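# Coordinates in review
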Amino acid sequence: MKELDTIKEKYPTTRAAILPALYIAQEKFGWLSPEAIEEVSSTLNVPKALVRGVSTFYAMYKHKPMGRHLIQLCTNVSCMIFGAETLLELLKNKYGLEPGGTTEDGRFSLVIMECIGACDRAPAMLVNNDFHSNLDDNNITEILEKYK
Amino acid sequence: MERYLLRNIENANSADIEEYEKAGGYQSLKKALSMEPKAIIEEVKKSGLRGRGGAGFPTGMKWTFASADPKFPKYLICNADEGEPGTFKDRPILEKNPHLLIEGMIISAHALQARYGYIYLRGEYPQAREILENAIKQAYEKGYLGDNVLGSDTGFHLSVHQGAGAYICGEETALIESLEGKRGQPRIKPPFPVNVGVFSMPTVVNNVETLSNIPYIIEIGAEAYSKIGSPDCPGPKLYSVSGHVEKPGVYELPMGTTLREIIYTHAGGIKGGKNLKAVIPGGISTPVLPADKIDCPMDFVSMPKHGSMLGSGAVIVFDETTCLVKVCWRAMKFFEHESCGKCTPCREGTGWMRSVLERIENGQGKDGDIDLLLDIAGNIAGKTFCPLGDGAAVVTMNFIKHFRNEFEEHITNKGCIQGTKTA
C-alpha cells in the first residue's frame with residue numbers, strides 16, 4: 001500500500017488515513033477480508049479492532065466477497081415513485097439477485113442505496129463507478145448485459 | 001435572473017481551469033488577497049449569507065467565532081456529503097464548476113487564516129472525486145493553492161476526503177469524526193467546531209453551495225448581494241426538483257422564490273397534467289405540505305411560518321396517484337438505516353415507526369396505530385444529540401397531520417386502495 005504514503009501526508013494524524021486506506025484495501029482484496037483489515041492495521045500502525053470498528057460503520061465498505069460488478073440501486077422516495085421496486089423484482093427474476101446478495105456465477109452483487117443524488121433522472125443506479133439513470137425494465141437489462 | 005452558481009455549465013469544458021479563468025474565474029480571489037482577512041469576514045457578515053446545507057446559520061457569524069479563537073492551525077472543511085434524499089443541488093457545482101468552489105474555499109481560507117482544507121465528498125459521487133482532484137491539481141499548478149497563494153503570504157492546502165456511505169456524516173460533528181478516521185457519530189456541543197473541531201483545532205464547516213457564493217459576494221460587494229432575493233436571507237439559491245414534474249432538475253433562482261413558482265413555472269408543472277397532491281419542500285427530513293399550501297417563499301425565515309422548512313431546497317413533488325403512507329414508510333426506512341445508533345430514542349424509534357407504517361401499508365394496521373406513531377415520534381423529538389431523530393419524528397407527525405384520512409383508510413380498508421405494498 002505504497003500510495004498510502006502520499007495520502008498520510010494530507011493529515012496530521014495517521015488515524016485520519018483509515019478511510020482512504022480501507023478504500024485502497026477493498027480495491028486490492030475485493031472486500032475487507034481479515035487480511036485486508038490486517039494490512040490496513042499494520043500499515044497505519046492502528047489496532048485491528050479499531051480498523052474493523054470504523055469499517056463496519058460505513059455502508060460502502062464490504063464485509064463479504066462481492067461479485068465482479070456491484071449494482072447499487074437507489075430505492076429512496078424519488079426513485080421509488082418511478083418504479084425502482086419493479087426493477088428489484090426484475091433483478092430477482094432475471095438474475096436471482098436479492099438485495100445484499102450475489103449471483104451464483106459471481107457476476108453481480110446488489111446493494112440497495114439511500115439516494116445517490118440522481119433524483120431528476122430517477123430511477124438510478126451505480127454499476128461499479130458508472131452512473132445509469134432513467135432506468136426501466138428494458139434498458140436496465142441492456143445496460144447490465146455490458147457487464148460480463 | 002442571471003445565473004452565477006451554475007454559470008457556464010453548458011460549456012462541455014466548464015470544469016477546466018482555463019475555461020473558468022476565461023469566464024472571469026479567480027478574479028475575486030485576486031481582489032480578496034488585497035483585502036484584510038477581517039474585512040472579508042465583515043463583508044460576508046454584511047451580505048447576509050446563510051449556510052446552504054440546511055440549517056441556515058449566518059456564515060459571517062460562524063466565521064467570526066472561528067477567527068476569534070487564538071489557536072492555530074485552523075481548518076476549513078467543505079461539506080460535500082450531499083445525502084439528504086431528493087438533494088442533488090451541489091452536484092452540478094462539484095462536477096461542472098469545481099473551480100468556483102475551490103476559489104470560494106481559498107478566499108474563505110484567507111479570511112479565516114486557515115492553512116488546511118478538505119472537501120468531504122460523499123462516496124456515492126465517484127465522478128466528482130476525479131473532477132475535483134484534477135481541478136485541485138490544476139489550481140496548484142497555477143499557484144492558486146500552495147504555501148504562497150499567488151505569491152502572497154497566505155498559504156492554503158486542499159485535498160478531497162471521500163466518505164463511505166453514511167448520511168449522518170453530513171452533520172458537521174459526525175463529519176469531523178469521520179475525517180479523523182472514526183465512526184461517524186455526532187459529538188455533543190459545546191464545544192462547537194469553530195473552537196474545537198477537526199484534530200481539536202478551530203474548524204469551519206461550510207456547505208458546497210455556501211462556499212460557492214463567496215466569490216460572488218467579493219465580486220459584486222455585500223450591498224448588491226444582500227438585495228438579491230429575500231431580505232432576511234439573500235442570495236441566489238439552488239433548488240433541486242424531482243418527483244412528478246415535467247422538468248426535474250436543479251434551478252438557480254433568487255432565495256425566496258415561492259414553491260408554486262418553482263414547481264409550475266420552472267419545473268414545468270405536474271407530469272402528464274395530473275393534479276398535485278403533496279410536496280416535500282426541503283429534502284426528506286422536512287415536513288410535507290399539502291397541495292393548497294405551496295404559496296410560500298422558499299427561504300429559511302418564511303418556511304417555518306408556513307409549516308415546513310427550507311432544508312436543502314430539495315423539492316419532491318407527488319401527484320394525486322401517490323400513496324403517501326408508502327412514501328412515509330420509505331422515508332422511515334431511510335431514517336432507520338441511517339440512524340447512527342448512539343441515541344436510544346432514534347435508534348429504537350425509527351425502526352419501530354417503520355414497522356408500524358409497514359403493517360399499515362400492507363393491510364395489517366390496527367386501531368390505535370396512528371396514535372402509537374404519534375406517541376413514538378413525540379418521544380424522539382428533542383431527545384437526541386443531532387437532528388436526524390427530529391427529522392424522523394417531524395416527518396411522521398406531518399404526514400399524519402395533513403393526511404390522517406389516508407392512514408385511517410389504510411387501516412379500515414386493510415390495505416392501500418391503490419394496491420401498493422412495501423417492497
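Residues numbered from 1 in each chain as written. Chains lettered and ligands numbered in written order. Predicted model: local features only at pLDDT ≥ 70, side-chain atom pairs only at ≥ 80, totals over all residues. Heavy atoms only, no water.

All names here are of chain B. On inspection of all chains with the given rule, the structure shows 4 cavities of 30 Å³ or more. Here the largest cavity is characterised by a volume of approximately 90 Å³. In terms of lining residues, the largest cavity is bounded by 14 residues, among which S339, C340, C343, C346 and C386 are the most central. When its residues are assigned to classes, the lining of the largest cavity shows 8 nonpolar, 4 polar and 2 charged. Computed from the structure, the second largest cavity encloses a volume of approximately 50 Å³. Lining of the second largest cavity is provided by R7, N8, Y20, A23, G24, G25, N97 and L100. Grouping the amino acids of the lining of the second largest cavity by side-chain chemistry returns 3 nonpolar, 4 polar and 1 charged. (1 Å grid on protein atoms, 1.4 Å probe; cavity = no way out; pocket = protein on both sides within 12 Å on 5 of 7 lines; lining within 4 Å. Points joined across faces, edges and corners; volume = space filled by probe spheres on them. Nonpolar A, V, L, I, M, F, W, Y, C, P; charged D, E, K, R; others polar.)

What follows concerns the layout of surface pockets. Here the largest pocket defines a volume of roughly 1,300 Å³. Forming the walls of the largest pocket are 48 residues, and the residues nearest its centre are G53, G54, A55, G170 and P387 of chain B. Counting only elements with at least two residues in the lining of the largest pocket, the list comes to α4 (59–68), β4 (203–207) and α16 (387–412) of chain B. Here the lining of the largest pocket is built from residues that sort into 19 nonpolar, 18 polar and 11 charged. In this structure, the second largest pocket occupies an estimated 970 Å³ of space. Lining the second largest pocket are 30 residues, with Y23, Q26, E27 and N129 of chain A together with Q162 of chain B positioned closest to its centre. Those elements that place two or more of their residues in the lining of the second largest pocket are α2 (18–29) and β1 (69–74) of chain A together with α7 (126–141) and β3 (157–162) of chain B. (Helix = DSSP H or I, 4+ residues; strand = E, 2+ residues; numbered from the N terminus.)

The accessible area lost on association of the parts is a frequent measure of interface size. Looking at the assigned domains, one finds that chain A contains domain 1 (2–57) and domain 2 (69–145). Placing the centre of domain 1 of chain A and that of domain 2 of chain A at their C-alpha centroids yields a distance of 29 Å. (Domains from an automatic or database assignment.)

A separate point is the domain arrangement of chain B. Residues and elements named next belong to chain B. Partitioning chain B into structural domains gives domain 1 (17–226), domain 2 (236–319) and domain 3 (324–413). At the junction of the two partners, domain 1 supplies 20 residues and domain 2 supplies 19 residues. Across the domain 1/domain 2 interface, buried area totals approximately 1,400 Å², and carbon plus sulfur atoms make up 64% of it. Sorting the residues of domain 1 by area buried against domain 2 places R52, F88 and K89 first, and these three jointly supply 34% of that buried surface. Across the contact surface, domain 1 and domain 2 share 1 salt bridge. Summed over the shared surface of domain 1 and domain 2, the number is 10 residue pairs in polar contact (both at pLDDT 80 or more). Among the elements of the structure, α5 (90–96) and α9 (208–220) are those that each provide at least two residues to the side of domain 1 that touches domain 2. Among the elements that line the side of domain 1 that touches domain 2, the one with the most residues is α9, at 3 residues. (Contact = heavy atoms within 4.5 Å. Buried area = accessible area lost by both parts, 1.4 Å probe. Salt bridge = Lys/Arg side-chain N within 4 Å of Asp/Glu carboxyl O. Polar contact = N/O pair within 3.5 Å; in protein donor to acceptor, adjacent residues only side chain to side chain.)

This part takes up α7 of chain B. All names here are of chain B. With 16 residues, α7 extends 23 Å from end C-alpha to end C-alpha; this agrees with the ideal 22 Å at 1.5 Å per step. Buried residues of α7: P126, A128, L132, A135, I136, Q138 and A139, and no others. Trailing α7 by a residue or two, G143 shows a phi angle of about 80°, which is positive. (Expected span 1.5 Å × (residues − 1). Buried < 20%, exposed > 50% of the residue type's maximum accessible area, 1.4 Å probe, protein only.)

Turning to the sheet that holds strand β8 (residues 289–290) of chain B, a few remarks are in order. All names here are of chain B. An order of β6-β5-β9-β7-β8 is seen for the 5 strands of this open sheet, with the pairing classed as mixed. Among the strands making up the open sheet, the edge pair consists of β6 (249–254) and β8. Note: strand β5 (residues 236–243) against strand β9 (residues 314–319), 4 bridges, orientation parallel. Residue pairing across strands places G243 opposite V317, the latter belonging to β9. (Pairing = 2+ DSSP bridges.)

Each partner contributes to the interface: chain A provides 40 residues, whereas chain B provides 59 residues. Approximately 3,700 Å² of surface area, both sides summed, lies buried where chain A meets chain B, with 60% of it carried by carbon and sulfur atoms. If you look at where chain A meets chain B, you find 2 salt bridges. K326 of chain B is the partner of E85 of chain A in a salt bridge, and the nearest nitrogen-oxygen pair spans 2.5 Å. Linking chain A with chain B are 21 residue pairs in polar contact (both at pLDDT 80 or more), by the criterion used here. The dominant element in the side of chain A that touches chain B, judged by the number of residues it contributes, is α2 of chain A, at 4 residues. Its residues assigned to classes, the side of chain A that touches chain B shows 25 nonpolar, 8 polar and 7 charged.

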